[in-house]
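# Coordinate inspection notes
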Amino acid sequence: MPVHGKTILAARARSNALSRPVQALLVLAGVGVLAASAHVAIPFWPVPMTMQSGTVLLIGAAYGSGLAEATLLAYLAAGALGLPVFATGAGLAYVAGPTGGYLLGYLLAASFMGFCASRGWMRSVAGTIAAFFGGTVILYALGLAWLSVLLGTHKAVALGLVPFLPAEATKIAMAILLFRAGHMIRSR
């Protein structure tokens, strides 16, 4: 069996080894951490930085496929139901509004990160950087696509990407460092 095939089976065995109550607790904890990260606003230039996107990527990388998607689906459902889990606003109208593409991007980015983790692609520093960059690209591609439908491409890029690039680069760096630190501790 190829090496990556063994990694996939090992990742599936680990996630299947968790009981349903433990999985449910991890989903709730992930939703809680994600909701808290949405409300942490750090003064940054040119816009304040929330920690949501970095947290989404970390949840995907740490939880792996299956558990990451369940966590993000629970998070999105909580926000759609009106719970204050998003940075600003809640409810179905908010989910369908200008940030809707980014919210869907969170789900797909977390899924991508879980896929990368389950394949063992994040064992190296280069693989970790590539995965976090790829997750960010997925998140912003979906967010900008939806925002472009609402505002046009030029305005979407000007308002939904450019102001966030410095903060996003900082969050990616922080998330990579946290993930690598956890990976080093786990491998001891």
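A brief look at the structure comes next. (Residues numbered from 1 in each chain as written. Predicted model: local features only at pLDDT ≥ 70, side-chain atom pairs only at ≥ 80, totals over all residues. Heavy atoms only, no water.)

## A look at the pattern of salt bridges
What counts is decided by this rule: For this analysis, a salt bridge means a side-chain nitrogen from Lys or Arg found within 4 Å of a carboxyl oxygen belonging to Asp or Glu. For the purposes of this entry, the term helix denotes a DSSP run of H or I that reaches at least four residues, the term strand denotes a run of E that reaches at least two, and both are numbered from the N terminus. For each residue, the accessible area found with a 1.4 Å probe, counting protein chains only, is set against the maximum for its type, and the residue is called buried under 20%, exposed over 50%, and partly exposed in between.
Overall, the coordinates contain one salt bridge when judged by the stated rule. Here Glu 168 and Lys 171 are joined by a salt bridge, their closest N and O atoms 3.3 Å apart. In this pair, Glu 168 and Lys 171 are both assigned in helix α9 (residues 165-186), three residues apart and thus about one turn of the helix distant. The buried category is assigned to Glu 168, whose relative accessible area is 5%. Of the residues examined, Lys 171 reaches a relative accessible area of 7% and is grouped as buried.

## Brief notes about the packing of aromatic side chains
Selection rule: A pair of Phe, Tyr and Trp rings is counted when the ring centres sit within 6.5 Å of each other, with Trp represented by its six-membered ring. The angle between the planes then sorts it: under 30 degrees is stacked, over 60 is edge-to-face, the rest tilted.
Counting across every chain of the model gives five aromatic pairs. Where Phe 86 meets Tyr 94, the ring centres are 5.4 Å apart and the plane angle is 25°; that geometry is what we call stacked. Considered together, Phe 86 and Tyr 94 belong to a single accessibility category, that of buried residues. Plain terms: the ring middles of Phe 115 and Trp 121 are 5.2 Å apart, the flat faces sit at 85° to each other, and that makes the pair edge-to-face. Residue classification places Phe 115 among the partly exposed positions, given a relative accessible area of 33%.

## A closer look at the environment of Ala 130
Tracing the sequence through the fold places Ala 130 in helix α7 (residues 125-151). Residues Ala 130 and Cys 116 lie 14 residues apart in sequence; the distance between their C-alpha atoms is 9.6 Å.

## With respect to helix α2 (residues 20-38)
What counts here: Helices are assigned an expected span. That span is 1.5 Å times one less than the residue count. This arc is built from the directions going out from the helix axis to the C-beta atoms.
The end-to-end C-alpha separation of α2 is 27 Å, in line with the 27 Å expected for 19 residues at 1.5 Å each. Where α2 is concerned, the buried positions are Gln 23, Val 27, Gly 30, Val 31, Leu 34, Ala 35, Ser 37 and Ala 38. Down the axis of α2, the sector holding all buried residues measures 160°, keeping them to one side. Those residues of α2 that are exposed and angled more than 90 degrees off the buried face are Pro 21, Leu 25 and Leu 28.

## Digging into the nonpolar core
Here is the rule we go by: As used in this record, nonpolar core signifies buried Ala, Val, Leu, Ile, Met, Phe, Trp, Tyr and Cys residues forming a set joined through side-chain atoms within 4.5 Å. In this analysis, two residues are considered to be in contact whenever any of their non-hydrogen atoms come within 4.5 Å of each other.
Ranked by size, the top nonpolar core spans 39 residues in total, and within it Leu 72, Tyr 75, Phe 86, Tyr 106, Met 113, Met 122 and Phe 132 carry the most contacts. Looking at this core, the elements that each hand over two or more residues are α2, α3 (52-63), α4 (67-80), α6 (100-118), α7 and α9. Among the elements that take part in this core, α6 stands out by supplying eight residues, more than any other. Sequence-distant contacts of Met 122, defined by excluding residues within four places in its chain, comprise Ala 61, Met 113, Cys 116, Ala 117, Gly 127, Thr 128, Ala 131, Phe 132, Phe 179 and Arg 180.

## Details of the packing of α3 against α6
A packed helix pair is summarised by two numbers, namely the angle formed by the two axes and the spacing between the axes. Let me state the cut-off plainly: Interaxial angle, 0 to 180 degrees, is taken between N-to-C directions of lines fitted to C-alpha atoms, where a helix line uses only the stretch in contact. Handedness of a crossing is defined here by the sense of rotation of the near helix relative to the far one, left-handed for an anticlockwise turn of less than a right angle and right-handed for a clockwise turn.
Between α3 and α6, the least distance of the axes is 7 Å, while the angle of their chain directions is 35°. Considering the relative orientation of α3 and α6, their crossing is right-handed. Contact with α3, carried on its side by Gln 52, Ser 53, Val 56, Leu 57, Gly 60 and Ala 61, involves Tyr 106, Ala 109, Ala 110, Met 113, Gly 114 and Ala 117 of α6 and no other residues of that element.

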